[in-house]
Amino acid sequence: MEHSILKERENKFLFNTYARYPIEIKMGQGTKLYDFNGKEYTDLLAGIAVCNLGHANMEIAKAISEQAKKLVHVSNLFYTKEQIDLAEKLINTTPHMSKVFFCNSGAEANEACIKLARRYFKNIKNQDKFEIITLEGSFHGRTFATMSATGQEKIKEGFEPLVPGFVHAKPNDLKDIEGKINNKTAAIMIEVIQGEGGIRPLEIDFVKGIEELCKLKGLLFIVDEIQTGIGRTGKMWGFEHYNVKPHIISCAKALANGLPIGAMMATEEVAKAFGPGTHATTFGGGPVVCMAALKVLEIIFRDNLIDRAKKIGGFALSEFKRLQDKYPRLIKEVRGIGLMLGIELTPEVDAKKVFDTIIDKGFIVNLTQGSTLRLLPPLIIEEEEIKAFSNTLDDILSKL
Ligand SMILES: Cc1ncc(COP(=O)(O)O)c(C=O)c1O
């Protein structure tokens, strides 16, 4: 009853931009979400890789409320301790980086990376290089530049003309990238595991090869860590799995467990391209979100949640591979690193129907690219909760 009223009101007042799940969430607690009828769901999505510490974390709530009583906003015209503390903490997680710029979302963080790369060549190197190579299947955001950077046509449909200067290459095909480098190329930008693209980890040799190409040709290497960062893959940053050192990285999503924040980090040399007045934001790096993010990082390291993501992710992967062995006709591939997991169903399966049944049975997952069940659970998820999901999926698949 309550649902149909909300849906009607949404139709009346909101832009129709989201294909929403048929659920109205009233509250969350840890790894659980509850609707208005009191139905419990196990959250295996964490607000799309955002709520790594689960819902209603009291330590974070306290950090936010105490800061809100002291200072909520003062603008970036002033020094604020919270922002500088957070920058220092972030740099300590990846010491080859030197400077941080804070903003409010993933797209904004990538937008900053793109602007920095262009300006680096114009103002530091005195070179007319502006093209950025990204990968087919990638997702970098919905602003004009990040949409143009994104390697998926459906995201761009109807918004042409796009921002010039983006070229897309095939994932795991170094020759294709090499063929697309010219005297205007400034950077190569990748997600080491494509998230929206269907949980597709890039091959080790390919990512290593990109780093080498960048060195050889004098290009900047940018890694979008918006979905892979902050411990999700069993390492603090996704690029650590590949033993590479990008010049610029972006992050957002899980950094403040649900409060809007984005960050760009860059090496000392590249960071010099931004000076006063070159880039800015009113809200970015405000005291409340920074206090939340400081608490997030404290808890993640104190409670060893990155190791936990690796351990529970390994367990989940083995569970899903067992299901794949049992249902080779229904499961095409199981992919992922840490708690970034995808189960690709075969064309024989009505993936939407499987997805709807999973939701109905009380598990929140995502269906991406039409056929891949995507799981991005909070890092505090328990093995028993993964097991309960895999038993449920087993049961659903056994009836197909
Ligand atoms: C890899 C990646 N980059 C960028 C973005 C855009 O982030 P936001 O939605 O915060 O703008 C996303 C969001 O899903 C993402 O997964």
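Within each chain, residues carry numbers counting from 1 in the order of the written sequence. With pLDDT at 70 or above as the cut-off, local features in this predicted model cover only qualifying residues; side-chain atom pairs require 80 or more to be listed or tallied, and sums for whole chains, interfaces and linings still use all residues. Note: side-chain values were computed over all heavy atoms of the structure, leaving out hydrogens and water.

Pulling in residues and values, what's your account of the overall build of the protein?
Helix and strand counts for the protein stand at 14 helices and 17 strands. Taking 21 Å as the expected radius of gyration for a compact globule of 400 residues, we find that the protein reaches 21 Å, a close match to that expectation. Here the C-alpha coordinates of the protein stretch approximately 65 × 55 × 45 Å along the principal axes. The buried label applies to any residue whose accessible area, calculated with a 1.4 Å probe on protein chains only, is under 20% of its type's maximum; exposed applies above 50%, and partly exposed to all values in between. Among the 400 residues that make up the protein, the fraction classed as buried is 54%. Any two residues whose heavy atoms approach within 4.5 Å at even a single point are treated as in contact. The contacts in the protein between residues at least 6 apart in sequence include a share of 71% that link residues at least 24 apart. Per-residue accessibility takes into account occlusion by the displayed protein chains alone, with areas from the Shrake-Rupley method and a 1.4 Å probe. Carbon and sulfur atoms form 55% of the exposed surface of the protein, whose accessible area is close to 18,400 Å². Here a strand is any run of E in DSSP of at least two residues, a helix any run of H or I of at least four, and the numbering for each starts at the N terminus. Atoms considered for the radius of gyration are the C-alpha atoms alone. The globule rule reads 2.2 Å times the number of residues to the power 0.38.

So, the nonpolar core: which residues are in play, and what are the values?
Ile177, Ile190 and Phe389 are the most contacted members of the largest nonpolar core, which totals 94 residues. Setting aside residues no more than four positions away along its own chain, Ile190 makes contact with Leu135, His140, Leu202, Val207, Ile210, Phe221, Ile222, Val223 and Asp224. Each nonpolar core is a collection of buried residues, namely Ala, Val, Leu, Ile, Met, Phe, Trp, Tyr and Cys, held together in the definition by side-chain atoms within 4.5 Å. The next biggest cluster of nonpolar side chains, apart from the first, holds 26 residues, and it includes Leu116, Ala117, Ala149 and Ala187.

Lay out the packing of helix H12 (residues 305-326) against helix H14 (residues 383-398) in plain terms, naming residues and giving numbers.
Between H12 and H14, the shortest axis-to-axis distance is 10 Å and the interhelical angle comes to 15°. Taken together, the axes of H12 and H14 lie roughly parallel to each other. Crossing of H12 over H14 shows right-handed handedness. Facing H12, whose interface residues are Lys311, Ile312, Phe315, Ala316, Glu319, Phe320, Arg322, Leu323 and Lys326, H14 presents Glu383, Ile386, Lys387, Phe389, Ser390, Leu393 and Asp394. Taken together, the residues of the contact of H12 with H14 sort by class into eight nonpolar, one polar and seven charged. Comment: axis = line fitted to C-alpha atoms, over the contacting stretch for helices; angle = value between 0 and 180 degrees taken between N-to-C directions. Geometric relationships in this document are graded by angle, where less than 35 degrees denotes roughly parallel, more than 145 denotes roughly antiparallel, 65 to 115 denotes roughly perpendicular, and other angles denote oblique. Here a crossing is called left-handed whenever its near helix is offset anticlockwise from the far helix by less than a right angle, and right-handed whenever the offset is clockwise. Amino acid classes used here: Ala, Val, Leu, Ile, Met, Phe, Trp, Tyr, Cys and Pro are nonpolar; Asp, Glu, Lys and Arg are charged; the rest, including Gly, are polar.

I'd like to hear about the state of the cysteines, residue by residue, with values.
Put plainly, two cysteines are in a disulfide when a covalent bond ties their sulfur atoms together. Whenever a pair of cysteine sulfur atoms sits within 2.5 Å, that pair is classed as a disulfide. Tallied over the entire structure, the rule returns zero disulfides. The thiol of Cys103 is unpaired, and the distance to the nearest cysteine sulfur, on Cys113, comes to 8.3 Å. What makes Cys103 buried here is its relative accessible area of 2%. For Cys290, which is in no disulfide, the shortest distance to another cysteine sulfur is to Cys103 and amounts to 11 Å.

Before we move on, could you go through the sheet that holds strand E11 (residues 248-251) and cite the residues and values that matter?
When DSSP finds at least two bridges between two strands, those strands are taken to pair. Pairing within the open sheet is mixed, and its seven strands lie in the order E4-E12-E11-E10-E7-E5-E6. Looking at strand neighbours, the two that pair on one side only are strand E4 (99-103) and strand E6 (166-169), the edges of this open sheet. Each strand of the sheet is rotated relative to its neighbour by a mean of 20°, with strand direction disregarded. Here strand E5 (residues 131-135) pairs with E6 via four bridges, running parallel. The residue of E6 that forms the bridge with Leu135 is Ala169. Helix H4 (residues 81-93) rests against E4 and strand E12 (262-266) of the sheet, and its axis sits at about 125° to E4. Along the sheet, helix H9 (residues 204-217) contacts E5, strand E7 (185-190) and strand E10 (220-224); its crossing angle with E10, the most-contacted strand, is approximately 145°.

How would you explain the pairing of strand E2 (residues 32-35) if you had to name every residue and give the values?
Looking along a regular strand, one sees the side chains alternate between the two faces of the sheet. In terms of strand pairing, strand E1 (residues 25-29) meets E2 through four bridges, oriented antiparallel. Paired with Ile25 across the bridge in E2 is Asp35. If you look at the hairpin formed by E1 and E2, you'll find two residues sitting between the two strands, and Gly30 has a positive phi there, around 60°.

So what about H9? Which residues, and what values?
The first and last C-alpha atoms of H9 sit 20 Å apart over 14 residues, in line with the 20 Å expected at 1.5 Å per residue. The secondary structure elements touched by the buried residues of H9 are E5, helix H8 (174-180), E7 and E10. Of the residues trailing H9, Gly218 is marked for its positive phi of about 70°. Here the expected length of a helix is defined as 1.5 Å per residue gap, with one fewer gap than residues.

Describe the site of the ligand, listing the residues and the values that go with them.
In the region of the ligand, 13 residues are neighbours, and Gly106, Ala107, Asp224, Gln227 and Lys253 sit closest. The definition of a polar contact used here is a pair of N or O atoms within 3.5 Å, where within protein one atom must be able to donate a hydrogen and the other to accept one, and adjacent residues in sequence count solely through side-chain atom pairs. The contact in question runs from an oxygen atom of the ligand to an N or O atom on the backbone of Ala107, over 2.8 Å. A distance of 3.2 Å separates an oxygen atom of the ligand from a polar atom in the side chain of Lys253. The fraction of the free accessible surface of the ligand (390 Å²) that becomes covered by protein chains is 81%. With three residues, helix H5 (residues 106-124) is the largest single contributor of residues to the shell around the ligand. The rule for a residue being near a molecule or strand is that one of its heavy atoms must lie within 4 Å of it.

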